[in-house]
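What the coordinates show
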Amino acid sequence: MTDAWNYFPHERLGGVSPVEKSLEYENKHPKNKKSEKGKDSMPRVRVGDREMSWNEHQVMLAEMEKAQQSFKKWISGVLKDYKSFLKQDESSTKEAKKHYFIAETFFDRVLWLGWLNFGSIRKEFITDEFPKWWQTHVIAPGINGPKEIKDSVHKLADFIGNKYSLKDSNGSTL
């Protein structure tokens, strides 16, 4: 049926098939065609205030992955310890799962944004930016607004500060 639809002429398309219509479009818009070398031309990428080629972007991402390896390993250990802590600390399994989900999402976002260690994460990101980002980017039933996110991330930061004896720039436990 799909072949019949795509290859037979349609009255609405002026007696041509969808495939023919697509070829007409490609002929009218040559910049969408393959380059002379037979490869698709890749778009330029903007990262922050810098524009770069697709290949440069891929190299940058590979370097970032490499630079974050030890932080990822550390995060894995933290999440394992945090899960155990939540099982003991929370009266409800549902609450423990919610805090753990928020922690996982927090660290996924931290890595995505390129931080290389916990101490380098801006306090504003933890207290304001992440909870605001959550509202527009995460669909999670049962989590009620930015205050709940802030409280959960604060619980995670307290856990990390106490468990791993991490201090902020003022010397206070995180």
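Attention here is on the structure that accompanies the text. In this convention, every chain numbers its residues from 1, walking through the sequence in written order. The predicted origin of the model limits local features to residues at a pLDDT of at least 70 and limits the giving and counting of side-chain atom pairs to 80 or more, whereas totals for whole chains, interfaces and linings rest on all residues. The side-chain quantities take in all heavy atoms of the structure and omit both hydrogens and water.

Here the focus is the overall build of the protein chain. Scanning the protein chain for helices and strands turns up 7 helices and 2 strands. Evaluated residue by residue, the protein chain yields a buried proportion of 29% over its 174 residues. Look at the contacts in the protein chain between residues 6 or more apart in sequence, and 46% of them connect residues 24 or more apart. To be clear on the numbers: accessible area is Shrake-Rupley with a 1.4 Å probe, and residue cover counts the displayed protein chains and nothing else. Total accessible area on the protein chain is roughly 12700 Å²; 53% of this is exposed by carbon and sulfur atoms. Only DSSP runs of H or I covering at least 4 residues are called helices, and only runs of E covering at least 2 are called strands; the numbering of each starts at the N terminus. When a residue's accessible area, from a 1.4 Å probe over protein chains only, is under 20% of the maximum for its type it is buried; when over 50% it is exposed; and in between it is partly exposed. The criterion used for residue contact is that any of the two residues' heavy atoms lie within 4.5 Å.

Glancing now at the packing of helix α4 (residues 69-89) against helix α5 (residues 93-112). If you want to describe how two helices pack, look at the angle between their axes and the distance between the axes. Axis geometry follows a simple rule: fit a line to the C-alpha atoms, using only the stretch in contact for helices, then measure angles between N-to-C directions, giving values from 0 to 180 degrees. One way to put it is that α4 packs onto α5 with a least axis distance of 10 Å and a crossing angle of 170°. With respect to α5, the element α4 is oriented roughly antiparallel. In this structure, α4 uses Phe71, Lys72, Trp74, Ile75, Val78, Leu79, Tyr82, Lys83 and Leu86 to contact α5, whose residues at the interface are Ala96, His99, Tyr100, Ala103, Glu104, Phe107, Val110 and Leu111. The residue classification treats Ala, Val, Leu, Ile, Met, Phe, Trp, Tyr, Cys and Pro as nonpolar and Asp, Glu, Lys and Arg as charged. All others, Gly included, are polar. Partitioning the contact of α4 with α5 into residue classes produces 13 nonpolar, 1 polar and 3 charged. In these notes the angle categories are as follows: under 35 degrees is roughly parallel, over 145 is roughly antiparallel, 65 to 115 is roughly perpendicular, and the rest is oblique.

In what follows, salt bridge is the name for a side-chain nitrogen of Lys or Arg lying within 4 Å of a carboxyl oxygen of Asp or Glu. In the structure shown here, the tally under the stated rule is 9 salt bridges. Lys98 is the salt-bridge partner of Glu148, the closest N and O atoms lying 2.9 Å from each other. One end of the pair, Glu148, is in helix α7 (residues 145-163); the other, Lys98, is in helix α5, and 50 residues separate them in sequence. The structure contains a network of salt bridges with shared partners spanning Arg44, Arg46 and Glu51.

Attention now moves to the environment of Ile121. Tracing the backbone through its elements, the reader meets Ile121 in the loop between α5 and α6 (123-137). When the C-alpha positions of Ile121 and Val110 are compared, they lie 7.7 Å apart, and in sequence the two are 11 residues distant. Residues contacting Ile121, with those up to four places away along its chain left out, are Phe71, Phe106, Val110, Trp115 and Ile126.

In this section: the packing of aromatic side chains. For any two aromatic rings, the description comes down to two numbers: the centre-to-centre distance and the angle of the planes. What counts as a ring pair is set by centres within 6.5 Å for rings of Phe, Tyr and Trp (its six-membered ring), and what kind of pair is set by the plane angle: stacked under 30 degrees, edge-to-face over 60, tilted for all other angles. Tallied over the entire structure, the rule returns 17 aromatic pairs. When the centroid spacing of 6.1 Å and the interplanar angle of 20° are considered together, the rings of Tyr82 and Phe85 count as stacked. Residue Tyr82 and its partner Phe85 are both found in helix α4; the two are separated by 3 residues, about one turn of the helix. Aromatic pair Phe101 and Trp134: ring centres 5.7 Å apart, planes at 80°, arrangement edge-to-face. Of this pair, Phe101 sits in helix α5 while Trp134 sits in helix α6; the two residues are 33 residues apart in sequence, bridging distant segments of the chain. Here Phe101 falls in the partly exposed class, since its relative accessible area comes to 34%. What makes Trp134 buried here is its relative accessible area of 5%. Two limits define a charge over a ring: the Lys NZ or Arg CZ must be within 6 Å of the ring centre, and within 35 degrees of the ring normal. The lysine or arginine in question, Lys83, covers the ring of Tyr100, its NZ or CZ lying 4.7 Å from the ring centre.

Think of a polar contact as two N or O atoms within 3.5 Å of one another; within protein, one of them needs to be a possible hydrogen donor and the other a possible acceptor, and neighboring residues in sequence only count if both atoms come from side chains. A distance of 2.9 Å separates a polar atom in the side chain of Glu148 from a polar atom in the side chain of Lys98. Dropping the residues within four chain positions of it, Glu148 is found in contact with Lys98, Gly142 and Ile143.

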